[in-house]
Amino acid sequence: MLHIVNKSATDRGSLESCLRMATKGSAVLLIEDAVYAVTNGSAAAAKIQAAAADLKIYALGPDLAARGMAGRVLDGVNVVDYGGFVDLVAEHNSCQSWL
Amino acid sequence: MSDMDDMDEGSGIVKKFMFLNRKAPHGTVYALEGLEVVLITAAFDQDVSMVFTDDGVYQLLKGIDTKGIEVKDFSKTYRALDGYDIEKLYVDQASMDARGLTEDDLIVDVTTLSVAEMANLMAEQDVVISF
Amino acid sequence: MPMVDIAGKDYEVDEEGYLIDLSQWNEDVAKYMAVEEKVELTDSHWEVVNFLREYYAEYQIAPAVRVLTKAIGKKLGPDKGNNKYLYELFPYGPAKQACKIAGLPKPTGCI
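Computed from a predicted structure; not experimentally measured.

A. Broad picture of the overall build of chain A. Within chain A, the regular secondary structure consists of 4 helices and 5 strands. Listed N to C, the secondary structure of chain A is β-α-β-α-β-α-β-α-β in terms of helices and strands. Radius of gyration (C-alpha) of chain A: 12 Å, near the 13 Å computed for a compact globule of 99 residues. A principal-axis box enclosing the C-alpha atoms of chain A has dimensions of 30 × 30 × 25 Å. Counting the 99 residues in chain A, one finds 54% classified as buried. Here the contacts in chain A between residues at least 6 apart in sequence split such that 70% fall between residues at least 24 apart. With the model as given, the accessible surface of chain A reaches about 4,500 Å², and the carbon-plus-sulfur share is 51%. Averaging the coordinates of the 8 positive side-chain charges in chain A and doing the same for the 10 negative ones gives two points 7 Å apart.

Listed below in structure tokens is the structure:
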């Protein structure tokens, strides 16, 4: 399954809910304000790095750039563009958006 | 425009206004709307403070490039505030620390306050407007 | 949104005639907007128009008139950075008219 989160982890609990529910081998794509979670020094950084052991973590590049965070992405996080976003949706049987 | 100049010359009452910014840019419209309200308020010659706390500190980051998401890069507009005589910009240390940010990461000069200093600043305002 | 034909090309403008996409701006557009505003463009007008375009590129907003006046004074000298000079060039409001000619949106803080 592909999980998509679009809210900042320091504003809402949706990333936490997602990580609690995502099963091993699932993909988690962070977009919009959710991308702050995968940047160096963020409060969620440790949680993301721990989760990356069991999950594939992706973040949308244009959203990182628009937030001045293109150069601060945590190791182990895969940055994708809009084409990569489409590929992820196509590759997975189902998709859950944590609105 | 000239009407507004006449108006603020007429009243002469100066109140302390705080604009409290708590949202990241782009994901919601709060940051941009808050900034526009501040620019308009500047015409009334009030005592304006702009405070960035929680995810609001993300509004001031350097190196923002919005071409990929096709929205306006209003981070540059914070640098125009000085020309509008809005010089009191504050961030809170705890919000910066929680996001791994320092003043060097920001596009404008700010004053960093402790939680206690921020609380006092808020308490002494006549009006607090939150975005 | 209304469209206008300028020198054989279509441009989208808002209900007050301001250009929608400022990247489309060129001298033909400026000349057309000036005719609409009944302003005859001289070098002095161009100086203000170009100043506004530079201001927009740097700050992503069109300045309020008093901010424009102050900033022009800083860059081009006090004999130009005053309301009298700017209103002589743009009688219906320097920010409003000069911004339109420069292809910028209506200034923020302009009622």
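B. Summary view of the state of the cysteines. All names here are of chain A. Within the structure shown, the criterion is met by 0 disulfides over all chains. Cys-95 provides the cysteine sulfur closest to Cys-18, a residue in no disulfide bond, and the two sulfurs are 11 Å apart. On the accessibility criterion, Cys-95 (40% relative accessible area) is partly exposed.

C. Geometry of the side chain of B:Thr77. Relative to the helices and strands, B:Thr77 is located in the loop between strand E2 (47-52) and strand E3 (88-92). Non-local contacts of B:Thr77, meaning those with residues more than four positions away in its chain, are made with B:Leu35, B:Leu39, C:Tyr59, C:Gln60 and C:Ile61.

D. Summary view of the interface of chain C and chain B. Contacts between the two partners involve 21 residues from chain C and, on the opposite side, 19 residues from chain B. In total, chain C and chain B occlude about 1,700 Å² of area from one another, counting both sides; carbon and sulfur atoms represent 56% of this. On inspection of chain C and its partner chain B, the count reaches 3 salt bridges. The partner of C:Lys70 in a salt bridge is B:Asp85, with the nearest N and O atoms 3.0 Å apart.

E. Main features of the pairing of strand E1 (residues 16-21) of chain B. Residue and element names in this part refer to chain B. Where burial is concerned, most of E1 is hidden: 5 out of the 6 residues are buried. As paired elements, E1 and E2 share 6 bridges and run parallel to each other. From the neighbouring strand, Phe-17 faces E2, where its bridge partner is Val-48. Once the chain exits E1 it traverses helix H2 (residues 30-41) before rejoining the sheet at E2, and the crossover so formed is right-handed. As defined by bridge partners, E1 adjoins strand E5 (residues 127-130) across 4 bridges and the pair is classed as parallel. Each bridged residue has a counterpart across the sheet, and for Phe-17 the counterpart in E5 is Val-127.

F. Up close: the sheet that holds strand E2 (residues 27-30) of chain A. All names here are of chain A. In space, the 5 strands of this open sheet follow the order E4-E3-E2-E1-E5, with parallel pairing throughout. In this open sheet, the two edge strands, each paired with only one partner strand, are strand E4 (78-80) and strand E5 (95-98). If you compare each strand with its neighbour and ignore which way they point, the axes differ by 25 degrees on average. Strand direction decides the pairing type here: strand E3 (residues 56-60) and E4, joined by 3 bridges, are parallel. Across the sheet, residue Tyr-58 finds its bridge partner in E4, namely Asn-78.

G. Molecular detail of the packing of aromatic side chains. Applying the stated rule across the entire model yields 5 aromatic pairs over all chains. Taking the centre distance of 3.5 Å and the plane angle of 5 degrees together, the rings of A:Tyr36 and B:Tyr58 count as stacked. Placement of A:Tyr36 in the loop between E2 and helix H2 (45-51) and of B:Tyr58 in the loop between E2 and E3 is noted, with the two residues assigned to different chains. Ring plane angle 80 degrees and centroid distance 5.8 Å describe the contact between B:Phe52 and B:Tyr78, whose orientation is recorded as edge-to-face. With B:Phe52 in strand E2 and B:Tyr78 in the loop between E2 and E3, this residue pair connects regions lying 26 residues apart in the sequence. The residues B:Phe52 and B:Tyr78 share a single accessibility class, namely buried. Members of the aromatic cluster, connected to one another through ring pairs, are B:Phe52, B:Phe74 and B:Tyr78. Lying over the aromatic face of C:Tyr18, C:Lys100 brings its terminal NZ or CZ to 5.7 Å of the ring centre.

Scoring rules and cut-offs
- Residues numbered from 1 in each chain as written.
- Chains lettered and ligands numbered in written order.
- Predicted model: local features only at pLDDT ≥ 70, side-chain atom pairs only at ≥ 80, totals over all residues.
- Heavy atoms only, no water.
- Helix = DSSP H or I, 4+ residues; strand = E, 2+ residues; numbered from the N terminus.
- Rg over C-alpha atoms; globule rule 2.2 N^0.38 Å.
- Buried < 20%, exposed > 50% of the residue type's maximum accessible area, 1.4 Å probe, protein only.
- Contact = heavy atoms within 4.5 Å.
- Areas by Shrake-Rupley, 256 points an atom, 1.4 Å probe, with all protein chains shown as cover.
- Lys, Arg positive; Asp, Glu negative; His and termini not counted.
- Charge placed at Lys NZ, Arg CZ, Asp CG, Glu CD.
- Disulfide = S-S within 2.5 Å.
- Buried area = accessible area lost by both parts, 1.4 Å probe.
- Salt bridge = Lys/Arg side-chain N within 4 Å of Asp/Glu carboxyl O.
- Pairing = 2+ DSSP bridges.
- Right-handed = clockwise from strand over helix to strand, strands pointing away.
- Axes fitted to C-alpha atoms, helices over the stretch in contact; angles between N-to-C directions.
- Phe/Tyr/Trp six-rings, centres within 6.5 Å; stacked < 30°, edge-to-face > 60°.
- Lys NZ or Arg CZ within 6 Å of the ring centre and 35° of its normal.

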